[in-house]
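One letter stands for each residue in the lines below.
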Amino acid sequence: MIQHVNDADLYYEEYGQGDRYILASMQIFDPNGKGWPFDLADEGFHVFLIQMRGYGQSTHIYKNYNNNWYDVWADDVWEFARAQNISHFLYTGQSDGAAIGWHLCFRHPEVLVGFAGLAPGPHSRENLFVTPPRQRSMETISDPAAREQLAQYQRQLMLQFARKFADKPELREEFIDKAEKKYQWELDKTPDERRINPGIALSQYRTDEELKKALGTIRCPVLLFYGMRDAMLPLSRTFLPTAYIPGAKAIFYQDASHFVHYAYRDDIREEISRFANKAFEKYSKE
């Protein structure tokens, strides 16, 4: 389905029903439609998955928003909700999608019931604004060998889960299939998709001290999931925000990577469902 917002058409999928809305925005949906955030519909929530402008079936972008990409994506989610007559919602996102959640917390806090972020960062301000994974993606635009290498990397990431779930045949076969689909997705990305470089989330805060003060103003419930073996955004390069956001909760998985929702599918579903139930209950009383 397509929803027009601002100057873009956003592809989206809808699961579940009712007025307890959960919105998520991402570059690509899980190719098998399994696990987070699809399974939150089975927990009684009305889930909308929104493909970020610039990717896939959403409008592609041929200009540079410089350091404002996350603001644009956050505003797209907000405008999407308005177009769907959704007055308030819980937002969940992973990686870039989680970065959108941080920007929603500052740009549109009035509509947020809560924010559940997976591999959410944010980056320490000591890091470069072009992250190594983003740099590798941009390098593939004019280098077919680099493109093939990155696609093989995507495949291997998924095959790790096939090995992890070797004693669970259904899950093993799912991740073998997912590995091939992720490989093909990476190969099929267009130059304009590869060229997108949003930098890091909340780049308007130039120092960790500024970021700390800003995070202290967030008032919606926040739940964060981190993999301690995240090679894409290691904890050593992450500014851990839970010490500064009132009431925030973080869960760390010792053996999980950037894709914590694949490693701990049932746990993520249960934790977000419990969190969302409490967040909607709290919102209804305010």
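Residues numbered from 1 in each chain as written. Predicted model: local features only at pLDDT ≥ 70, side-chain atom pairs only at ≥ 80, totals over all residues. Heavy atoms only, no water.

Visitor: Which residues make up the sheet that holds strand S7 (residues 222-227), and what are the values?
Guide: Strand order across the open sheet formed by eight strands is S1-S2-S4-S3-S5-S6-S7-S8, with mixed pairing between neighbours. Two strands in the sheet have a free side with no partner beyond their single neighbour: strand S1 (2-5) and strand S8 (249-253). Ignoring strand direction, the axes of neighbouring strands in this sheet form an average angle of 20°. Here strand S3 (residues 21-26) pairs with strand S4 (residues 46-51) via six bridges, running parallel. Bridge assignment links Ser25 to a residue of S4, and that residue is Ile50. Helix H2 (residues 96-107) contacts S3, strand S5 (89-94), strand S6 (112-118) and S7 of the sheet and is inclined by roughly 140° relative to S5. (Pairing = 2+ DSSP bridges. Helix = DSSP H or I, 4+ residues; strand = E, 2+ residues; numbered from the N terminus. Axes fitted to C-alpha atoms, helices over the stretch in contact; angles between N-to-C directions. Contact = heavy atoms within 4.5 Å.)

Visitor: Pulling in residues and values, what's your account of the pairing of S5?
Guide: Burial analysis of S5 places six of its six residues in the buried class, which makes it a mostly covered element. Residues Phe89, Tyr91 and Gly93 point to one face of S5 and Leu90, Thr92 and Gln94 to the other, with burial holding for every one of them. Note that S3 and S5 share two bridges and pair parallel. Note that in S5 the partner of Leu23 across the bridge is Tyr91. Where S5 lies against S6, six bridges are found, and the strand directions are parallel. From the neighbouring strand, Phe89 faces S6, where its bridge partner is Leu112. In this region the chain leaves S5, passes through H2 and returns to the parallel neighbour S6; the handedness of that crossover is right-handed. (Buried < 20%, exposed > 50% of the residue type's maximum accessible area, 1.4 Å probe, protein only. Right-handed = clockwise from strand over helix to strand, strands pointing away.)

Visitor: Could you give an account of unusual backbone geometry, naming the residues involved and the relevant values?
Guide: Excluding glycine, residues mostly carry a negative phi; peptide bonds, for their part, are mostly trans. Going from Trp36 to Pro37, the amide bond is cis rather than trans, its omega being -10°. Relative to the helices and strands, Pro37 resides in the loop between S3 and S4. Cis peptide bonds are those with omega within 30 degrees of zero, and the linkage from Gly121 to Pro122 qualifies with 0°. Counting through the fold element by element, Pro122 comes out in the loop between S6 and helix H3 (132-139). Unlike most non-glycine residues, Asn6 shows phi in positive territory, near 50°. Tracing the chain through its elements places Asn6 in the loop between S1 and strand S2 (8-15).

Visitor: Residue-level account of empty space enclosed by the protein, with values.
Guide: Tallying each qualifying case throughout the model produces two cavities of 30 Å³ or more. The wall of the second largest cavity is formed by Ala119, Gly121, Tyr226, Gly227, Asp230, Leu233 and Thr238. Of the residues that constitute the lining of the second largest cavity, the class distribution is three nonpolar, three polar and one charged. (1 Å grid on protein atoms, 1.4 Å probe; cavity = no way out; pocket = protein on both sides within 12 Å on 5 of 7 lines; lining within 4 Å. Points joined across faces, edges and corners; volume = space filled by probe spheres on them. Nonpolar A, V, L, I, M, F, W, Y, C, P; charged D, E, K, R; others polar.)

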